[in-house]
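# Structural overview
Letter by letter, the chains look like this.
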Amino acid sequence: MHGMEPSWDDLRTVLCLVRGTSLANAAGALGVNYTTVARRVRRVEDMLGQKLFDRLADGYQPTQAGQMVAEHAARMEDDANALLRQLQGRDTTLRGPLTITAPQLLIAHVLAPVIDQFCATYPEVELHVRATNDLLDLNRREADLAIRISRDPGDSLKGLRLTPQQSASFATAAWADRIAADPQGMIDWVVYAAYMDVPRNVDPAYPNHRIRMTFDDMVAIRAAAQAGLGVARMPLFLGRASGLVQVPVLPPQPYAEIWAVAHPDVWPAAKVKAFRDVLVPHFRAIRDRFVA
């Protein structure tokens, strides 16, 4: 097959396999099955007369030639994304696809009315919501607009702060009654695994604390608090929306702010602006949910 040139699909497959290190990960990124990935890689190797990957027990390891192909494909991808972003930023229509991303709990407790209002106002826009805590790559057009809970929403992005936030301690009503009746009693905490300790700045009037369990996910922390397993630190909006009681063990503390961000090329696009025009007034109207 020498003399033939790889297609963009083939080059992109090599790039995704270098990034993902396995057929399954590359297939997921490309939206194909893993046998298609393997077939495309073999085809590129045959065309180029070069071995691009070492097939190892724990995944695909790119050879020097494979790394060169992936780097070239990445530059092609960057150029294509730059062009598409610039064209999107010039789009003045209010129809067609729009992808936003936000954390799951923010969608459930804050953004659902925004989504409903936007879809009712702009029925020709095909809104896709990616609910994830992951920071999707807006340079690579994984989303058009991101709503992020962050102290650093991205220096290369254009952003608008929607609201400041605070966090505090929340628990069930039974725990709140127990703490009020015996401030010196032992307080069980449910904490985020990244910290593995009782939050700083707890009120010294409540001196006795222990970690009962740790989780790596706020949904699980909230569920544990709702089950009465202990006191949890969480953003005010979430604690207030979860049927929990704010207990005075941890006074309100500064928490990461909520931002709307997009790539500067995409920020002026009509659909992105239209979503912001619904989003911003909503946050202004409910700002007291986020701060004490």
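Owing to the predicted nature of the structure, the values given are computational and were not obtained by experimental measurement.

Definitions and limits used
Residue numbering note: each chain is counted from 1, following its sequence as written. Confidence filtering applies because this is a predicted model: local features only for residues at pLDDT of at least 70, side-chain atom pairs given and counted only at 80 or more, and all residues used for totals across whole chains, interfaces and linings. For side-chain calculations, the full set of non-hydrogen atoms in the structure is used, while hydrogens and water are omitted. For helices, the fitted line uses only the C-alpha atoms of the stretch in contact; every axis is such a line through C-alpha atoms, and the angle between N-to-C directions lies from 0 to 180 degrees. For helices the rule is a DSSP run of H or I covering at least 4 residues; for strands it is a run of E covering at least 2, with both sets numbered from the N terminus onward. Just so you know how the angles are binned, under 35 degrees is roughly parallel, over 145 roughly antiparallel, 65 to 115 roughly perpendicular, and the rest oblique. Throughout, a crossing is termed right-handed when the near helix is turned clockwise from the far one, and left-handed when it is turned anticlockwise from it by less than a right angle. Whether two residues are in contact is decided by their heavy atoms, any of which lying within 4.5 Å being enough. Lys, Arg, Asp and Glu make up the charged group, whereas Ala, Val, Leu, Ile, Met, Phe, Trp, Tyr, Cys and Pro make up the nonpolar group; the residues left over, Gly among them, are polar. Classification of residues uses two cut-offs on accessible area relative to the type maximum, computed with a 1.4 Å probe and protein chains only: under 20% is buried, over 50% is exposed, and between them is partly exposed. Pairing of N or O atoms within 3.5 Å defines a polar contact, subject to two protein rules: one partner must be a possible hydrogen donor and the other a possible acceptor, and residues neighboring in sequence count only if both atoms are side-chain atoms. Delimitation of the domains relies on an automatic or database domain assignment. Two parts placed together each lose some accessible area under a 1.4 Å probe, and the buried area is that loss summed for both. Any Lys or Arg side-chain nitrogen located within 4 Å of an Asp or Glu carboxyl oxygen qualifies as a salt bridge.

## Let's talk about the packing of helix 1 (residues 8-20) against helix 4 (residues 64-89)
Axis separation between helix 1 and helix 4 bottoms out at 8 Å; the angle between their running directions is 110 degrees. In this view, helix 1 runs roughly perpendicular relative to helix 4, as classed from their interaxial angle. Crossing geometry of helix 1 relative to helix 4 is assigned as left-handed. Two secondary-structure elements touch here, helix 1 through Trp8, Leu11, Val14, Leu15, Val18 and Arg19 and helix 4 through Gly66, Gln67, Val69, Ala70, His72, Ala73, Ala74, Met76 and Glu77. Partitioned by chemical class, the residues of the contact of helix 1 with helix 4 number ten nonpolar, three polar and two charged.

## What to know about the environment of Asn25
Here Asn25 shows up in helix 2 (residues 23-30). Take Asn25: its relative accessible area is 47%, and that puts it in the partly exposed class. Sequence spacing of Asn25 and Val125 is 100 residues, and the spatial spacing of their C-alpha atoms is 30 Å. A polar contact is formed between the side chain of Asn25 and the backbone oxygen of Gly20, at a distance of 2.9 Å.

## So, the domain arrangement of the protein
According to the domain assignment, the protein consists of domain 1 (8-89), domain 2 (96-156 + 265-289) and domain 3 (166-256). The C-alpha centroid of domain 2 is placed 30 Å from the C-alpha centroid of domain 1. Together, the buried faces of domain 1 and domain 2 total about 870 Å²; carbon and sulfur atoms form 45% of this surface. Contact with domain 2 buries surface across domain 1, with Arg85, Gln88 and Gly89 losing the most and accounting together for 63% of the total. Seen at the junction of domain 1 and domain 2, the total is one salt bridge. Among the ionic pairs, Asp265 bridges to Arg85, the shortest N-O distance being 3.5 Å. Of all the elements, helix 4 adds the most residues to the side of domain 1 that touches domain 2, at eight residues. Taken together, the residues of the side of domain 1 that touches domain 2 sort by class into two nonpolar, four polar and three charged.

## Looking at unusual backbone geometry
Positive phi outside glycine occurs at Arg141, with the angle close to 65 degrees. Structurally, Arg141 can be placed in the loop between strand 4 (125-131) and strand 5 (145-150). Of the residues examined, Arg141 reaches a relative accessible area of 36% and is grouped as partly exposed. Positive phi values are uncommon outside glycine, yet Asn201 reaches one of about 70 degrees.

## What to know about the side chain of Thr172
Mapping Thr172 onto the fold places it in the loop between strand 6 (158-171) and helix 6 (173-181). Leaving out residues up to four positions away in the same chain, Thr172 has contacts with Ala225, Gln226, Gly228, Leu244 and Val245.

## Topic: the side chain of Thr99
Within the secondary structure, Thr99 sits in strand 3 (residues 96-102). Discounting chain neighbours no more than four positions away, the residues touching Thr99 are His128, Arg130, Glu142, Ala143, Asp144 and Leu145.

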